[in-house]
Structures are given as C-alpha cells and as structure tokens.
Amino acid sequence: SEFEGSYRQRLKLLLQAEESTNHRIPEVLSRGSTKYLHAIADGALSVADQRHRYMQELRRLVRNKEVISTKYLYWTELGSRRWLEICERESYQYYRKSVELLNKSAAKIVKCAIEAVGNAELDLVSLGSGDGKKDNLLLRHATQYLSDNEHTYYYPIDISDSMIVQAIRTSVSQGVPKERIKLKAIVADFTQMRELQRVIEDRPNPNVFSILGNTLGNNDEIVMMDAIADGMLPGDLVLVEINVDKTGSLD
C-alpha cells in the first residue's frame, strides 16, 4: 500500500540520516511527514525517557523525603487530562489571558525570529507543548512566509504521550497547512535537552525554542534554564512566557 511504501522509505531515510554531514551535530533522527496525521501521530516519534522506571523513582523520592518533580503529575493520561480541563475553566484567567496575549504578538514574534534566523524555514522546538493551542498560533504565522517547497519544522516535546498526540492534532490544524509542516514528536523530560540534541538537530538551521504556559512554573527555574542553555547551539533563539501579574491580566 501507499502507507507501507512510505513507511519503508522512512526507514531508509532514518538509516541515511546518520551518514549525512549537513548537521550541526552528528547522528540525528530525521523528521516524519504530516501526510498521514489522520491515521498516526507521526512517523518520527522519539521516546527519550525511561518511563518504565518512574514508579521506582517515585518510591525512592518518597522514602528519602525528597522533592517530587511535577512532571509526574502530567505523566499519566488522567493527570494530563485534568490539566487541560483546568485550562478550559473560565476562572483560570492566567491561561486564557496568555493565549490572548500570544495571539496578539504571534505575528511580530515570528517575523523577528525569521529576521534573526535569516530564512523563513523556522525550526520550532516547543518545550512542554501541552495541547498545542499556543504552538498553533505561531505555526499559522510561520507558514505564511514560506515559498514553494519550503516547510516549517515543528518539534513538540512533552512528558505525556497523550499530550503529544493532542498537540499534534491541535497545532497542525485551524489555519496551518499540514503539507507545509515537517514534524517530529518527542516524549521526554525536557530538562534533558543535551541528550535530545540528536533528535532535534537534523538541519544546520538555528532552532527557535519556546517555553510557553506553565512550563517554567512546573520546574525549578534554574534547572530549566540550565537545560535550555545546554541544548542550545550558536545562533539558536528562545521565546519564554513569564507571568509577572498576579491578577492574571497580562496586559
């Protein structure tokens, strides 16, 4: 079938990727096509965390009375679903207002990123992609600058596989032409960015890292920013959302 033929071709490309020298780092995993998003999440899905050891790690943290990372709240399908339900509540103004602010600023952000990178084919690496709504706003504007045969390269990263699936469905929809998106989904702890370099670095183009929503609030800020610094290479950019208004107005 056409799908099986595409799958075989993907395997061939994966093997060829390690032989390519047109990278900023060696041994990278190539992207997947968005052509079959109605059938599968993506042809290139990287699971970069030892999730089978989470229960043992939780037991160790509890026994040692250590601080438990909030990533475990979002790890399960129930935990991620509860978070999305909170975001949809009328009373949770932080999320609602931040979406409104990004909607107003997305065009300017994308334009500045393109000018800094030097071409319209942005590599957007979303740390804590969540349901993908905010990424969708950036991708809408990014794809508008593309010429024929050009693409926007999108890398959603989240600890929750159910969040990743939702991010793919939401981000590559509503005004985003999926034929203009090259996508690689990553299920991982995004504090391990140095280890993820080989997953997101399959082009010499600089990356645009985005840390939106409550991503910083869910982690130790120093650990998070150190992780980003470890994952960045010369020329990379970072977009950070920081809530500094306790009223939730974010004006």
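Reading the values: the criteria
- Residues numbered from 1 in each chain as written.
- Predicted model: local features only at pLDDT ≥ 70, side-chain atom pairs only at ≥ 80, totals over all residues.
- Heavy atoms only, no water.
- Axes fitted to C-alpha atoms, helices over the stretch in contact; angles between N-to-C directions.
- Helix = DSSP H or I, 4+ residues; strand = E, 2+ residues; numbered from the N terminus.
- Parallel < 35°, antiparallel > 145°, perpendicular 65-115°, else oblique.
- Left-handed = near helix turned anticlockwise from the far one by under 90°.
- Contact = heavy atoms within 4.5 Å.
- Nonpolar A, V, L, I, M, F, W, Y, C, P; charged D, E, K, R; others polar.
- Expected span 1.5 Å × (residues − 1).
- Buried < 20%, exposed > 50% of the residue type's maximum accessible area, 1.4 Å probe, protein only.
- Salt bridge = Lys/Arg side-chain N within 4 Å of Asp/Glu carboxyl O.
- Pairing = 2+ DSSP bridges.

**Student:** Let's hear about the packing of helix α5 (residues 93–117) against helix α6 (residues 133–144): which residues, and what values?
**Tutor:** In a packed pair of helices, the relevant descriptors are the angle between the two axes and the axis-to-axis distance. At a minimum axis distance of 9 Å, the contact between α5 and α6 shows a crossing angle of 20°. One element, α5, and the other, α6, form an angle in the roughly parallel class. The element α5 and its partner α6 pack so that their crossing is right-handed. Two secondary-structure elements touch here, α5 through Y95, S98, V99, L102, N103, A106, A107, I109 and V110 and α6 through K133, K134, L137, L138, H141 and A142. Partitioned by chemical class, the residues of the contact of α5 with α6 number 10 nonpolar, three polar and two charged.

**Student:** Tell me about α6, residues and numbers included.
**Tutor:** Residue pairs spaced three or four apart in an α-helix point in one direction, given the helix's 3.6 residues per turn. Taking 1.5 Å as the rise per residue, α6 with 12 residues should run 16 Å; its terminal C-alpha atoms sit 18 Å apart, in good agreement. When α6 is considered as a whole, its buried residues turn out to be K134, D135, N136, L137, L138, L139, A142 and T143.

**Student:** Residue-level account of unusual backbone geometry, with values.
**Tutor:** Although it is not a glycine, K65 adopts a positive phi angle of roughly 55°. Counting through the fold element by element, K65 comes out in the loop between α2 (54–63) and α3 (71–75). By relative accessible area, which is 78% here, K65 ends up exposed. Of note, the phi angle at Q174 is positive, near 45°, even though the residue is not glycine. Mapped onto the secondary structure, Q174 falls in the loop between α7 (161–171) and β5 (181–183).

**Student:** I'd like a description of the environment of G213, backed by residues and values.
**Tutor:** Inspection of the secondary structure assignment puts G213 in the loop between β7 (207–211) and α9 (221–231). Judged by its relative accessible area of 29%, G213 falls in the partly exposed class. Sequence separation between G213 and G130 is 83 residues, and the spatial gap between their C-alpha atoms is 8.6 Å. Among all residues touching G213, those that are not within four sequence positions of it are K134 and E241.

**Student:** Got a sec to walk through the side chain of T152? Specific residues and values, please.
**Tutor:** Structurally, T152 can be placed in strand β4 (residues 152–158). For T152, a relative accessible area of 1% corresponds to the buried category. Beyond its immediate stretch of four places on either side in the chain, T152 contacts L122, L139, A142, T143, L146, R180, I181 and K182.

**Student:** For the pattern of salt bridges, give the residues involved together with the corresponding values.
**Tutor:** Scanning the model with the defined rule gives eight salt bridges in all. Of the charged contacts, one joins R60 and E66 as a salt bridge, the two residues approaching to 3.1 Å between their closest N and O atoms. The class for E66 is partly exposed, based on a relative accessible area of 36%. One salt bridge in this structure joins E121 and R203, with 3.9 Å as the shortest N-O distance.

**Student:** Outline the pairing of strand β3 (residues 123–127), listing residues and values.
**Tutor:** Of all five residues in β3, five are buried, a share of seventy percent or more. Side chains D123, V125 and L127 of β3 all project onto a buried face; the interleaved residues L124 and S126 project onto the opposite face, where all are buried too. Direction of pairing for β3 relative to β4: parallel, over a ladder of five bridges. What sits directly across from D123, in β4, is Y153. Note that β3 and β7 share four bridges and pair parallel. Directly across from L124, in β7, lies its bridge partner V208.

**Student:** Please set out the environment of N149 residue by residue, giving values where relevant.
**Tutor:** Mapped onto the elements of the fold, N149 is located in the loop between α6 and β4. Given a relative accessible area of 73%, N149 falls into the exposed group. When the C-alpha atoms of N149 and R180 are compared, they prove to be 8.0 Å apart, with 31 residues separating the residues in sequence.

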